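Chain by chain, the residues:
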Amino acid sequence: MTIRILLFGACREAACGTGEGEMRLELSAPATVESAWRLLRAQFPPLNHFAGNVLFAVNESYARRVDPLADGDTLAIFPPVSGG
Amino acid sequence: MTIRILLFGACREAACGTGEGEMRLELSAPATVESAWRLLRAQFPPLNHFAGNVLFAVNESYARRVDPLADGDTLAIFPPVSGG
Amino acid sequence: MEAVEQKNGDVFEVTRQPIDKLALETRVIRGAAGAVVTFDGIVRNQTHGRPVLSLQYEAYPPMAVKEMQRIGDEIREQWPQIDGIGMVHRFGPLAISESSIVIVITSPHRKAAFEACRYAIDRLKQTVPIWKKEIFADGEVWVVGEPPPAS
Amino acid sequence: MEAVEQKNGDVFEVTRQPIDKLALETRVIRGAAGAVVTFDGIVRNQTHGRPVLSLQYEAYPPMAVKEMQRIGDEIREQWPQIDGIGMVHRFGPLAISESSIVIVITSPHRKAAFEACRYAIDRLKQTVPIWKKEIFADGEVWVVGEPPPAS
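Asker: Sorry if this is basic, but what is going on with the overall build of chain A here?
Answerer: Within chain A, the regular secondary structure consists of 2 helices and 7 strands. Counting from the amino terminus, chain A carries its helices and strands in the arrangement β-α-β-β-α-β-β-β-β. For chain A, whose C-alpha radius of gyration is 12 Å, the value lies close to the compact-globule estimate of 12 Å for 84 residues. Principal axes of the C-alpha set define a box for chain A whose edges measure 35 × 25 × 20 Å. By residue count, 50% of the 84 residues in chain A fall in the buried class. Of the accessible surface of chain A, which amounts to about 3800 Å², a share of 52% is contributed by carbon and sulfur atoms. Of note, chain A has its 7 positive side-chain charges centred 6 Å away from the centre of its 9 negative side-chain charges.

In C-alpha cells, the structure reads:
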C-alpha cells in the first residue's frame, strides 16, 4: 500500500531542508500511524529528534499512533502547533 | 452665591423638555449639593421623581449630597449612566 | 469633539462624528504590541424583541473624557504591561448598526488585552456620564442605567 | 486561500494575503449584533528582548480550516447566543506590525462575545495546524508550540 506523507514546520525542515514536505511512502499492510512513522524515521534520521513530541493527522484529522492506515491515506506529521 | 446647574438625560427632559439643561441657581451660603438639589426640585417638581436615584458631579467629578458648594461651582445632576 | 491630549498616546474622546475604528486602532497600536483587542458596541435593531428605530445618546463631554481617563489609569494600575488604550464614545442620533463605543487595548500578550478591554467597557457603563434613549415607532424610552458606583 | 463556504455566514480561512480586518468584520456583523469583539495578533518587533526581523508562517491549509470550523462548532455549543464567527489566519512571510490572525465574534451582548473570542484564540493556538519561525539578524528559530491537546 502507498500513503501520502506531509511534513510541516520543524519536521519538514529536518527531513527536507527548504524543500516541500510531501512524499509517497510504501508500507506493507496492516499499517498504523506508528509503523509509518517508524519507517519514515529510518529514512530520515533527523526526524528521530521529534520522536516524543510530534502530532499526527490522517486525512486532515488528528490521529493517534495506534490508528490504522489504508491505501491512499494522507498522513501529516508535525510538531505542536504555534500559530496565532 | 451663584452656581451653574447642568441637567442630563431623563433629568434634563423632566425639567426642561427638549431644551438645554443649563441654568443658574442662586443659593445662600453655606450651600451643599443637597441644598441645591432641594431648591431645584422646588423649582422643577418633575425632578422629585428622581429623588432617590440620581447622581451628582461638582466641577466634573462625582460628588456626594453632603459635599459643599462654592460660588461659581458647576453642579451636574443626572440619572445613572447608560452609555456603551 | 471633546478630548484631552494624552502624553502616552492614549485616546479618550467623545464625539458627534461616526467613529473611525481603523484610525483609532492605528493611533493606539505601538511597535511592541502583539495583541490588539477591540470592543465595538453597535446599535441593535431590537431590544427585548421590540423593534428599535434609532438611538439618541446624550453626553456630558468634559466629564465623560475625565472618567474615561480615570478608567485608563485604573487599567494601567491593574495591567502595567498594557501598551495602548483608546476609547471613543459617540453621542447624538445614531442609526441601527452604527457604533456607539469603540475601545481598543494593545498589549504584548493577549490575556491582559482581553481582561483590560472587558474591564474598560464594564466600567464605562458604570461611571462615564452618557445616557441613551431608544426610539421606537410609538415612543421613546430612556434606558435605565446601572446602579451608581459605590463612592 | 483555503476556505470552506459556511451556511451561516461564518468565516474560516487561511490565506497568504494581508488580512482585511474591516472586511472580515463587515462579513460577520449581523443586524442583531450589539457587541463585536475582535482579536488581532500582530507580529512583534522583539521576543524576550531579542529583536525580530520578520516571521515565517507555515500552514496545513485544508486541515487548518477544518480545525477552525471545529472551534466554531465548540463556540456555538458553549455560547448559543453568538451571532457570527470569523477567523482568518495568514501564512507565508510576515513583516513586523502585520496581522497574523484576526478573530471576530459578534453577539447581542458583550459577555459572550469576549468569552468566545478569548476561547477561539486560546484553542487556535492549541489545535490549528500552523507553525511560525522567528527570523533574527543572526538566525532563525521555530517557535515551540503549546503541548498537544489531550486526545
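There is more to say after this.
Asker: I keep staring at the environment of Ala51 of chain B and nothing clicks. Help me out?
Answerer: All names here are of chain B. Mapping Ala51 onto the fold places it in the loop between α2 (33-43) and β4 (55-58). Residue classification places Ala51 among the partly exposed residues on the basis of a relative accessible area of 27%. If sequence neighbours within four positions are ignored, Ala51 has contacts with Trp37, Arg41 and Arg65.

Asker: Help me understand unusual backbone geometry, please; the structure alone is not making it clear to me.
Answerer: Negative phi values dominate among residues other than glycine, just as trans dominates among peptide bonds. A cis amide bond, omega -5 degrees, links Ala29 of chain A with the succeeding residue Pro30 of chain A. Secondary-structure assignment places Pro30 of chain A in the loop between β2 (22-26) and β3 (31-32). In this model, Glu60 of chain A sits at a positive phi of 75 degrees, which is unusual for a non-glycine residue. Within the element layout of this structure, Glu60 of chain A appears in the loop between β4 (55-58) and β5 (61-63). At Asn59 of chain B, a position not held by glycine, the phi torsion is positive, near 50 degrees. Tracing the sequence through the fold places Asn59 of chain B in the loop between β4 and β5 (61-63). When its relative accessible area of 37% is taken as the criterion, Asn59 of chain B is described as partly exposed.

Asker: Is there a simple way to think about the arrangement of the chains in this case?
Answerer: Highest in contacts among the 3 pairs of chains that touch are chains C and D. Across all C-alpha pairs, the smallest distance from chain A to chain B is 30 Å, and the two are not in contact. In this assembly chain A lies apart from chain C, the nearest approach of their C-alpha atoms being 10 Å.

Asker: So what exactly am I meant to see when it comes to the interface of chain A and chain D here?
Answerer: In many reports, interface size means the accessible area that the parts give up when they come together. Tallying the contact residues gives 23 residues for chain A and 30 residues for chain D. Of the roughly 2100 Å² buried at the junction of chain A and chain D (both faces included), carbon and sulfur atoms supply 56%. Along the contact surface separating chain A from chain D lie 3 salt bridges. Where Glu58 of chain D meets Arg12 of chain A, a salt bridge forms, and the shortest distance between an N and an O atom there is 2.7 Å. For the pair chain A and chain D, the interface holds 16 residue pairs in polar contact (both at pLDDT 80 or more). Breaking the side of chain A that touches chain D down by element, the ones donating at least two residues are β1 (2-7), α1 (9-16), β4, β5 and β7 (74-78) of chain A. A per-element tally of the side of chain A that touches chain D places α1 of chain A first, with 4 residues. Of the residues belonging to the side of chain A that touches chain D, the class tally is 12 nonpolar, 7 polar and 4 charged.

Asker: Please explain the pattern of salt bridges as it appears in this structure.
Answerer: Any two side chains of opposite charge can pair, so long as their charged atoms come close to each other. Inspection of every chain in the model, using the stated rule, returns 36 salt bridges over all chains. For the salt bridge of Asp67 of chain A with Arg64 of chain A, the shortest nitrogen-to-oxygen distance reads 3.0 Å. Using a relative accessible area of 49% as the deciding quantity, one classes Arg64 of chain A as partly exposed. For the salt bridge of Arg65 of chain B with Glu34 of chain B, the shortest nitrogen-to-oxygen distance reads 3.0 Å. With Arg65 of chain B in the loop between β5 and β6 (68-69) and Glu34 of chain B in helix α2, the pair connects residues that are 31 residues apart, well separated along the chain. Salt bridges sharing partners connect three or more residues here, namely Glu13 of chain A together with Lys133 and Glu140 of chain D.

Asker: I would appreciate a short explanation of the interface of chain D and chain C in the present structure.
Answerer: Counting residues at the interface gives 30 residues for chain D and 30 residues for chain C. Summed over both sides, the interface between chain D and chain C buries roughly 2500 Å², with carbon and sulfur atoms accounting for 54% of that surface. Connecting chain D to chain C are 4 salt bridges. Put simply, Arg110 of chain D and Asp122 of chain C hold a salt bridge, and the shortest N to O gap is 2.8 Å. Counting the contacts that link chain D with chain C gives 10 residue pairs in polar contact (both at pLDDT 80 or more). Sorting the residues of the side of chain D that touches chain C by element identifies α1 (21-28), β3 (35-42) and α3 (110-127) of chain D as the ones contributing at least two each. Residue classes in the side of chain D that touches chain C are distributed as 14 nonpolar, 6 polar and 10 charged.

Asker: Please clarify how helix α1 (residues 21-28) of chain C should be interpreted in this entry.
Answerer: Given 3.6 residues per helical turn, the α-helix brings residues three or four places apart onto the same face. Residues of α1 of chain C that are buried include every one of Lys21, Leu24, Glu25 and Val28 of chain C, and no others. One face of α1 of chain C carries all of its buried residues, which in axial projection span an arc of 100 degrees. At its buried positions, α1 of chain C is contacted by β2 (11-15), β3 (35-42), β7 (84-90) and β9 (99-107) of chain C together with α1 and β3 of chain D. Between a side-chain oxygen at the N-terminus of α1 of chain C and the backbone nitrogen of Leu22 of chain C the separation is 3.4 Å; the capping residue is Asp20 of chain C.

Criteria and thresholds
- Residues numbered from 1 in each chain as written.
- Chains lettered and ligands numbered in written order.
- Predicted model: local features only at pLDDT ≥ 70, side-chain atom pairs only at ≥ 80, totals over all residues.
- Heavy atoms only, no water.
- Helix = DSSP H or I, 4+ residues; strand = E, 2+ residues; numbered from the N terminus.
- Rg over C-alpha atoms; globule rule 2.2 N^0.38 Å.
- Buried < 20%, exposed > 50% of the residue type's maximum accessible area, 1.4 Å probe, protein only.
- Areas by Shrake-Rupley, 256 points an atom, 1.4 Å probe, with all protein chains shown as cover.
- Lys, Arg positive; Asp, Glu negative; His and termini not counted.
- Charge placed at Lys NZ, Arg CZ, Asp CG, Glu CD.
- Contact = heavy atoms within 4.5 Å.
- Buried area = accessible area lost by both parts, 1.4 Å probe.
- Salt bridge = Lys/Arg side-chain N within 4 Å of Asp/Glu carboxyl O.
- Polar contact = N/O pair within 3.5 Å; in protein donor to acceptor, adjacent residues only side chain to side chain.
- Nonpolar A, V, L, I, M, F, W, Y, C, P; charged D, E, K, R; others polar.
- Arc of directions from axis to C-beta.

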